[in-house]
Amino acid sequence: MRVSRLMLVTLRDDPAEAEIPSHKLLLRAGYIRRMGPGLYAYLPLMWRVLQKVSKVVREEMDATGALETLLPQLHPAELWQRSGRWAGYTAGEGIMFHLQDRQGRSLGLGPTHEEVVTELAGDLLRSYRQLPVNLYQIQTKFRDEIRPRFGLMRGREFIMKDAYSFHADEECLRQSYAEMDRAYRRIFARCGLRTVAVEADSGAIGGSASQEFMVTAEAGEDLILASGDGRYAANQERAISLAAEAVALPQGRWPAGLGEALATPGQSSIDGLCKAHGFDSSQILKVLLLLARFEDGHQQPLLVSLRGDQQLNDVKLANAVSARCSAAHGALLEIAPLSAEASSKEGLGPIPFGYLGPQLEDGLLDGARTWARTFLRLADSSATGLEAFVCGANRIDTHLVGAAWGSLCPSPEGLDLRAAQPGDRCQHDPSQRLEASRGIEVGHIFQLGRKYSEALGARFTNGTGAEEALWMGCYGIGVSRLAQAAVEQLHDGKGICWPPSIAPYEVIVVVANGAEASQRELGELLYSQLQASGVEVLLDDRDERAGVKFKDADLIGIPWRVVVGRAAAAGLVELVERCSGHQQELAATALMETLLPSLERGRQGLAP
RNA sequence: CGGGGCGUGGCGCAGCUUGGUAGCGCGGGUGCUUUGGGAGCACUAGGUCGCAGGUUCGAAUCCUGUCGCCCCGACCA
């Protein structure tokens, strides 16, 4: 391709809309253009990159025996109603774009395809003899993100490879899951990315085991916690660790574990309380009052106890609440702090915020108009493990010192609700500590189990002639996000440094001075030779000064640059590798034999 | 939705406090010069100052409303 015909528009200044390096570079180098919040046009260079990534994904998926397909993007609401996800995905903070057709039927624009593919599988897969099957597609997904960000990183329309596997039993699912794990590692390695696999929460998709693949980068939206020995890595929303030892309360249980009242005027924060009385924050019992809202309208007040030095992990809490309530009330839509305004609207008396204790009685909720009238009481095991503690007296300006579970009030079951923090000791080896790094999630694999197949009635006949629900796994890769993540990980002050396997072109031939016939002619010759050898090559034939062409070549990040310049008359050209900056002068006649082997290695996704 | 900020030629910005009818850099076009790291000179095209009201002799500038976008939090490939 000739650069003069490429519709290449590069920007000298950083666009105001971009914040992180990869977003700025993709805009500046003419790869993408924004059409609206979270909506981007993939310009010709970008589209080539996306096709390269897709090609790698396709080859590795095909190699595992997975079948490529293409499913509809408009999904009948009825399918999502049957799986129980319609309300959660469309109401409130839901992320599914939805609409009605001319007949008034509700449709959703596919944010993910479990429902559609499960319906299909239930229709087609009738016998264990047909299993296992793994179906995948590479397609645009739509999600009405609360806040689209960072260009292709979090768009409202993005390209995703999603795969869904179907099995006759759980063991077979585990095998496919492991196989996808291996395929994913190959895919990311071939795309030239440094990734780390971490344990993850399975979130709205549901299911049991799940693992995310993170591209490590400063601008990543996820916090990764990993042990130094490399044996444990998890997303912070999922990470487990050992809490630091609590400092024992010197006076212990007092009196008889009921706690002695202590005047604590204005000391409504843990910090204030510790400063005023010399407590350690691990001696305090922190009690949070929250309200969970469910699909069926049920509103459940939550009373959550944590040790004072610990932070609540919202994801773990949501999982614990769902596990206890979703069977009766449908999907958990939201958990929010219970505010004073909300409680007075509810017709309740004043709540002593800042002075709450776990002994808070359900009687407080007696007059509630719409809320459940008993608290769902949950506690982190760091809190239930305290022998004696300081907690609020449920009276303004008063705390109790020396209170204990069992005496003050019954101890709730100890759960894991705390957020693991960098520096925490690891569970697998207490001598190891968690270290933090940031990552961009580019892949996620789940063992779904039978959640969707049961909901949608996707059943098969097993070897004994009995019908049962299909076992399922699902496996996603953010193709467009991966492409930008590559830029985020691989760029320098001059521009993008594409890994050869996913670069839009492999080589750019730069004619330094197009006014010189010898340069022009040699450039054309090399260009046609490279094309004839099947090389993806650009010829910068623009009527620009050499400096402009060099700057652009660096910016758009083509892995190899062949400069046809002053020495062209003597039959010499310069070969420059973009990522290392390494350059060598060689005879034009020796170019092909020097370059082609390196290109071949690049195509395999190996180091050049 | 809550909190912050910004809307001025294609892009990046100044002008606004203290009203007088719009300017700079980049980019575009033409010509000459230049020709190995975002060239120089000259000429040139291109703007309902987000939109709607209001105040005023006069509004990019002041007031009110409204719309849009960006950034920080809840979402995820």
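**Q** Before we move on, can you summarise the overall build of chain A with the specific residues and values?
**A** Regarding its fold elements, chain A presents 15 helices and 31 strands. Along the first, second and third principal axes, the C-alpha atoms of chain A reach 100 × 65 × 50 Å. Split into buried and exposed, the 608 residues of chain A put 52% on the buried side. Taking the intrachain contacts of chain A between residues at least 6 apart in sequence as the baseline, contacts between residues at least 24 apart amount to 70%. Split by element, the accessible area of chain A, about 26,400 Å² in all, is 50% carbon and sulfur. In chain A, 63 positive and 76 negative side-chain charges are present, and the distance between their average locations comes to 3 Å.

**Q** With reference to specific residues and values, describe helix 8 (residues 314-329).
**A** The end-to-end C-alpha distance of helix 8, which contains 16 residues, comes to just 20 Å, noticeably less than the 22 Å that a straight helix rising 1.5 Å per residue would cover. Of all the bends in helix 8, the greatest measures close to 45° and is centred on A323. Restricting attention to buried positions, one finds in helix 8 the residues V315, K316, L317, A320, V321, C325 and H329. Of the surrounding secondary structure, the elements contacted by the buried residues of helix 8 are strand 14 (285-294), strand 15 (299-307), strand 16 (332-337), strand 17 (376-380) and strand 20 (414-415). The N-cap residue of helix 8 is N313: its side-chain oxygen and the backbone nitrogen of V315 are 2.9 Å apart.

**Q** For the pattern of salt bridges, give the residues involved together with the corresponding values.
**A** With the rule as written, the count across this model stands at 43 salt bridges. Notably, a salt bridge pairs E221 with R149, separated by 3.2 Å at the nearest N-O pair. Of this pair, E221 sits in the loop between strand 10 (210-216) and strand 11 (222-227) while R149 sits in the loop between strand 7 (133-142) and strand 8 (157-167); the two residues are 72 residues apart in sequence, bridging distant segments of the chain. For E221, a relative accessible area of 27% gives the class partly exposed. The partner of D309 in a salt bridge is R307, and the shortest N-O contact between them spans 2.8 Å. Here the salt bridges do not stand alone but share partners, grouping K55, E59, E60, R186 and R190 into one network.

**Q** So what's going on with the protein's contact with RNA strand B? Residues and values would help.
**A** If you check the shell around RNA strand B, you find 52 residues, and the closest are R12, E145, R147, N513 and D554. In RNA strand B, the atoms that sit within 4 Å of the protein are 49% sugar and phosphate, with bases accounting for the remainder. Take R566: an N or O atom from its main chain is 3.2 Å from a base oxygen of RNA strand B. Elements with a contribution of two residues or more to the surface near RNA strand B: strand 8, strand 21 (434-449), strand 24 (471-478), helix 14 (546-556) and strand 29 (560-564). When residues in the surface near RNA strand B are grouped by element, the largest group, 8 residues, is from helix 14. Looking at the surface near RNA strand B, its residues break down into 20 nonpolar, 8 polar and 24 charged.

**Q** An account of the packing of helix 2 (residues 44-63) against helix 12 (residues 479-489) is needed here, citing residue identities and associated values.
**A** Between helix 2 and helix 12, the shortest axis-to-axis distance is 9 Å and the interhelical angle comes to 110°. Compared by their axis directions, helix 2 and helix 12 come out roughly perpendicular. Only V479, S480, L482 and A483 of helix 12 make contact with helix 2, whose side of the interface consists of M46, V49, L50, V53 and S54. Partitioning the contact of helix 2 with helix 12 into residue classes produces 7 nonpolar, 2 polar and no charged.

**Q** Please give an account of the nonpolar core that cites residues and values.
**A** In this structure, L26, Y31, M46, Y184, F188 and W498 are the most contacted members of the largest nonpolar core, which totals 63 residues. For this core, the two domains that each supply at least three residues are domain 1 (3-73 + 110-240 + 436-488) and domain 3 (505-603). The residues contacting M46, other than those within four sequence positions of it, are L26, Y31, I32, L152 and A483. One finds A77, W86, F166 and Y452 within the second-largest nonpolar core, a separate group that totals 25 residues.

**Q** Go over the domain arrangement of chain A with me, naming the residues and quoting the values.
**A** When cut into domains, chain A gives domain 1 (3-73 + 110-240 + 436-488), domain 2 (258-415) and domain 3 (505-603). One C-alpha centre belongs to domain 1, the other to domain 3; they are set 36 Å apart. Residue-level contacts link 14 residues of domain 1 with 12 residues of domain 3. Carbon and sulfur atoms make up 59% of the area that domain 1 and domain 3 hide from each other, which totals about 1,100 Å².

Calculation criteria
- Residues numbered from 1 in each chain as written.
- Chains lettered and ligands numbered in written order.
- Predicted model: local features only at pLDDT ≥ 70, side-chain atom pairs only at ≥ 80, totals over all residues.
- Heavy atoms only, no water.
- Helix = DSSP H or I, 4+ residues; strand = E, 2+ residues; numbered from the N terminus.
- Buried < 20%, exposed > 50% of the residue type's maximum accessible area, 1.4 Å probe, protein only.
- Contact = heavy atoms within 4.5 Å.
- Areas by Shrake-Rupley, 256 points an atom, 1.4 Å probe, with all protein chains shown as cover.
- Lys, Arg positive; Asp, Glu negative; His and termini not counted.
- Charge placed at Lys NZ, Arg CZ, Asp CG, Glu CD.
- Expected span 1.5 Å × (residues − 1).
- Bend = angle between axes of the 7 residues up to and from the residue.
- Polar contact = N/O pair within 3.5 Å; in protein donor to acceptor, adjacent residues only side chain to side chain.
- Salt bridge = Lys/Arg side-chain N within 4 Å of Asp/Glu carboxyl O.
- Near = heavy atom within 4 Å.
- Nonpolar A, V, L, I, M, F, W, Y, C, P; charged D, E, K, R; others polar.
- Axes fitted to C-alpha atoms, helices over the stretch in contact; angles between N-to-C directions.
- Parallel < 35°, antiparallel > 145°, perpendicular 65-115°, else oblique.
- Core = buried A, V, L, I, M, F, W, Y, C linked by side-chain atoms within 4.5 Å.
- Domains from an automatic or database assignment.
- Buried area = accessible area lost by both parts, 1.4 Å probe.

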